[in-house]
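Here are the chains, one letter per residue:
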Amino acid sequence: MNYQHIENLLIRFRGQAVTIKTVSGAVYEGSISDVTNDYVALKPKNEGDEPNLVIVLLHSIESVSPHTN
């Protein structure tokens, strides 16, 4: 149950656009496509040659901010 709280939060926002900041200072923006007990998969906004999917490990997440439209 180490990361159960962040996992539940990410599940709540599944399919929605979020900004995730990691402890290393990286910032990822995209919509949540999948959540497991180890990682979250984001579909980033496509700008040029960016990857189609970004995987962020739950233990590296510092904050999550949902986007309101």
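For clarity, every value in this text was computed on a predicted model and none was experimentally measured.

1. What about the overall build of the chain?
Assigned secondary structure in the chain consists of one helix and five strands. Counting from the amino terminus, helix and strand elements in the chain follow one another as α-β-β-β-β-β. With 69 residues in all, the chain has 32% of them scored as buried. Counted over contacts in the chain with a minimum sequence separation of 6, partners at least 24 positions apart contribute 38%.

2. Here's the deal with the pattern of salt bridges
In this structure the tally under the stated criterion is one salt bridge. The partner of Lys21 in a salt bridge is Glu62, and the shortest N-O contact between them spans 3.6 Å. Taken together, the positions of Lys21 in strand β1 (residues 17–22) and Glu62 in strand β5 (residues 61–66) put the pair 41 residues apart, joining distant regions of the chain. Judged by relative accessible area, Lys21 falls into the partly exposed class, the value being 36%.

Parameters at a glance
Residues numbered from 1 in each chain as written. Predicted model: local features only at pLDDT ≥ 70, side-chain atom pairs only at ≥ 80, totals over all residues. Heavy atoms only, no water. Helix = DSSP H or I, 4+ residues; strand = E, 2+ residues; numbered from the N terminus. Buried < 20%, exposed > 50% of the residue type's maximum accessible area, 1.4 Å probe, protein only. Contact = heavy atoms within 4.5 Å. Salt bridge = Lys/Arg side-chain N within 4 Å of Asp/Glu carboxyl O.

Read these as layout, nothing more, since geometry by itself doesn't imply function.
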